[in-house]
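What follows is each chain in one-letter form.
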Amino acid sequence: MNDILPGEVETWQFLEAAARRVFSLHGFSEIRVPVVEKTELFCRSIGETTDIVEKEMYTFQDKGGNSLTLRPEGTASVMRALIEHKLYARDPLSKLFYLGPMFRHERPQKGRYRQFYQIGVEAVGVDDPSIDAQTLAMLNHFADEIGLRGLDLQLNSLGCPVCRPDYREQLLTFLQKRLDGLCDDCRRRYQTNPLRVLDCKVAGCREATHEAPAMLDYLCNDCDDHFSAVRGYLDGLGTPYFVNKRMVRGLDYYTKTTFELVTGQLGAQNAVAAGGRYDGLVKQLGGPELPGIGFAMGVERLFLLLDGSRCEAKKPDVFLAALGEKARREAFNRMHQLQRRGIRAEMEYQAKSLKAQMRRADKLGARFVLILGDDELTRGVAQLRDMADSSQREIELARLEEFFEPSPVIAAN
Ligand code: HAM
């Protein structure tokens, strides 16, 4: 679990602001859900036999004896909220996004943490392939907006309850002949969740499943048409992608379209964003029969790719340096007035020499320094020093605000 320090947090804010901007352009609204839910919600949605549920959840009993879990992902919670508040009755298509921490007890490594942040979206209510393409196009738009380059969009289809059972049988037959070559985990997965075998990173398992049948070759007509239509929309938009027949996801709720946005720059943790369609999930959680699709991006991974280079801490517009007790009082009041006008103003809070105050202004990167002395105060003037070229001029304190550009006001919507 990481601390996000000043100097880094600005890049996070940049990513969050970009997500809010892009997603709202595409008609998505923010939803905020709790970080804990009943354990049962995740078992039922993510799947009892997934690594997340079997090994990675932070689960505890509360004082009332309920089993609660720190959310390992956002989709289950958002679906729970959608059902609880009947959001589908407001609009047949709910387009939602969320930002926040998720928790998985995984083995930490670069790009993989136990508390990590996701920015995610969910579009629930319509199963038309245009929604799949819209979701992918929005992901692409976001990547462009933040200046990410060189990412590959990988696409697959995981079928539906009509075609997957047949495929599962084919896969089981294939795996049965190769059980000896599989790791202990995969021999167990063979019994409980055979698709997960295809995602195992162990070299022996990869080799043994090299020629395994792929879901994509067993799609029913409906799933096949859906996949072709999604590809058609993406081709029309000129959005590049690769079909990756071997892609399976770590969560069981997926149907039809699945995808990952991958990078070659983060070692083993190559998925920057991932998601897909989950047409049975809302029903499975006790809601109406509503299809859905979404994705989540790992914010730490986006951060690593941007190399923290996009943003810097904000620097003061003006640093007020005061000489003398009366001047310090005046500087204090003026600083507060400027701040209320949207101007980033700073001062030295302890009585220090002018030299020490100038050093601090320089360290903070202040654009201007306003030097106030007791004598000048009686004339209502002060010295304004431009730190860019060290030029200095006398200004009237009454006209102080005219010299600075206020930051935009945060307006309520
Ligand atoms: P996921 O593939 O488990 O999907 O996670 C999505 C993304 O979260 C990953 O691609 C990765 O960038 C990031 N991530 C996951 N685990 C970690 C970790 N331990 N440390 C750092 N980053 C991590 C989901 O969570 C689905 N809920 C996505 C979705 C939304 N599907 C439909 N709607």
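Just so it is clear, the structure is predicted and the values come from calculations on it, not from any experiment.

1. Digging into the site of the ligand
Taken together, 27 residues lie near the ligand, and Glu73, Glu106, Glu122, Arg249 and Tyr254 sit nearest. Take glutamate 73: an N or O atom from its side chain is 2.5 Å from a nitrogen atom of the ligand. A distance of 2.9 Å separates a nitrogen atom of the ligand from a polar atom in the backbone of tyrosine 113. Relative to its unbound accessible area of 660 Å², the ligand is 96% covered by the protein chains. Going through the elements one at a time, strand E6 (115-124), strand E10 (271-277) and strand E11 (292-298) are the ones with two or more residues in the shell around the ligand. Of the residues forming the shell around the ligand, the biggest block, six residues, is contributed by E10.

2. Notes on the pattern of salt bridges
Counted by the stated rule, this structure contains 29 salt bridges. A salt bridge links arginine 277 to aspartate 279, with the nearest nitrogen and oxygen atoms 2.8 Å apart. Overall, aspartate 279 belongs to the buried group, its relative accessible area being 18%. When salt bridges that share partners are traced, they join Asp51, Glu54, Lys55, Asp185, Arg188 and Arg189 into one network.

3. Some details on the sheet that holds strand E16 (residues 392-396)
With respect to topology, five strands assemble into an open sheet ordered E13-E12-E14-E15-E16, the strand pairing being mixed. The open sheet is flanked by strand E13 (345-347) and E16, the only strands paired with a single partner. This sheet shows a mean twist of 30 degrees between the axes of neighbouring strands, independent of strand direction. When strand E12 (residues 318-323) meets E13, the two strands line up parallel, connected through three bridges. In the sheet register, valine 318 faces E13, and the bridge partner there is alanine 345. In the packing of helix H13 (residues 325-340) onto the sheet, the strands contacted are E12, E13 and strand E14 (368-373), and the crossing angle to E12 comes to about 165 degrees. Across the face of the sheet, helix H14 (residues 354-364) comes into contact with E12, E13, E14 and strand E15 (381-386) while running at roughly 170 degrees to E12.

4. Looking at the packing of aromatic side chains
Centre distance and the angle of the planes are the two values used to describe a pair of aromatic rings. In the structure shown here, the tally under the stated rule is 10 aromatic pairs. Summarising the aromatic geometry, the rings of phenylalanine 23 and phenylalanine 97 are spaced 5.4 Å apart at their centres and angled 65 degrees between planes, so their arrangement reads as edge-to-face. With phenylalanine 23 in helix H1 (residues 9-25) and phenylalanine 97 in strand E5 (residues 94-103), this pair connects stretches of sequence that are 74 residues apart. With relative accessibility at 0%, the residue phenylalanine 23 sits in the buried group. The class for phenylalanine 97 is buried, based on a relative accessible area of 4%. Ring centres of phenylalanine 23 and phenylalanine 295 lie 6.4 Å apart, and the angle between their planes is 75 degrees; on these two criteria the pair is classed as edge-to-face. Taken together, the residues phenylalanine 23 in helix H1 and phenylalanine 295 in strand E11 connect sequence positions 272 residues apart. For the pair formed by phenylalanine 23 and phenylalanine 295, the shared burial category is buried. Members of the aromatic cluster, each reached through a chain of ring pairs, are Phe23, Phe97, Phe142, Phe259 and Phe295. It is arginine 178 that lies over the ring of phenylalanine 174; its NZ or CZ is 3.7 Å from the centre. Here arginine 367 stacks its cationic end above the ring of phenylalanine 368, 4.7 Å away from the centre of that ring.

5. As for the sheet that holds strand E2 (residues 36-38)
Taking strand neighbours across the sheet as the criterion, the three strands line up as E2-E4-E3 in an open arrangement whose pairing is antiparallel. What marks the edges here is a single partner per strand, and that holds for E2 and strand E3 (58-61). On average, each strand axis in the sheet is inclined to that of its neighbour by 35 degrees, with strand direction left out of account. Examined bridge by bridge, E2 and strand E4 (residues 67-70) share three bridges and lie antiparallel to one another. Bridging across to E4, valine 36 finds its partner in leucine 70. Contacts from helix H2 (residues 39-46) reach E2, E3 and E4, with the element oriented near 75 degrees to E2.

6. A word on the environment of glutamate 54
Summarising the element assignment, glutamate 54 is placed in helix H3 (residues 51-56). Judged by relative accessible area, which is 35%, glutamate 54 ranks as partly exposed. A C-alpha to C-alpha distance of 35 Å links glutamate 54 and phenylalanine 14, two positions 40 residues apart in sequence. Setting aside anything within four residues of it in sequence, one finds glutamate 54 in contact with Glu48, Thr49 and Arg188.

7. Some words on the environment of methionine 102
Of note, methionine 102 is situated in strand E5. Taking the relative accessible area as the measure of exposure, methionine 102 reaches 0% and is therefore buried. The residues touching methionine 102, leaving out its near neighbours within four places in the chain, are Arg71, Pro72, Glu73, Gly74, Arg114, Gln115, Phe116 and Gln118.

8. Comments concerning H2
With six of eight residues buried, H2 lies mostly within the body of the structure. Within H2, the full set of buried residues consists of Thr39, Leu41, Phe42, Cys43, Ser45 and Ile46. The inward-facing, buried residues of H2 contact E2, H3, E3, E4, helix H4 (75-84) and helix H11 (281-284). Looking one or two residues beyond H2, the residue adopting positive phi is glycine 47, at roughly 115 degrees.

Reading guide: rules and limits
Residues numbered from 1 in each chain as written. Predicted model: local features only at pLDDT ≥ 70, side-chain atom pairs only at ≥ 80, totals over all residues. Heavy atoms only, no water. Near = heavy atom within 4 Å. Polar contact = N/O pair within 3.5 Å; in protein donor to acceptor, adjacent residues only side chain to side chain. Areas by Shrake-Rupley, 256 points an atom, 1.4 Å probe, with all protein chains shown as cover. Helix = DSSP H or I, 4+ residues; strand = E, 2+ residues; numbered from the N terminus. Salt bridge = Lys/Arg side-chain N within 4 Å of Asp/Glu carboxyl O. Buried < 20%, exposed > 50% of the residue type's maximum accessible area, 1.4 Å probe, protein only. Pairing = 2+ DSSP bridges. Axes fitted to C-alpha atoms, helices over the stretch in contact; angles between N-to-C directions. Contact = heavy atoms within 4.5 Å. Phe/Tyr/Trp six-rings, centres within 6.5 Å; stacked < 30°, edge-to-face > 60°. Lys NZ or Arg CZ within 6 Å of the ring centre and 35° of its normal.

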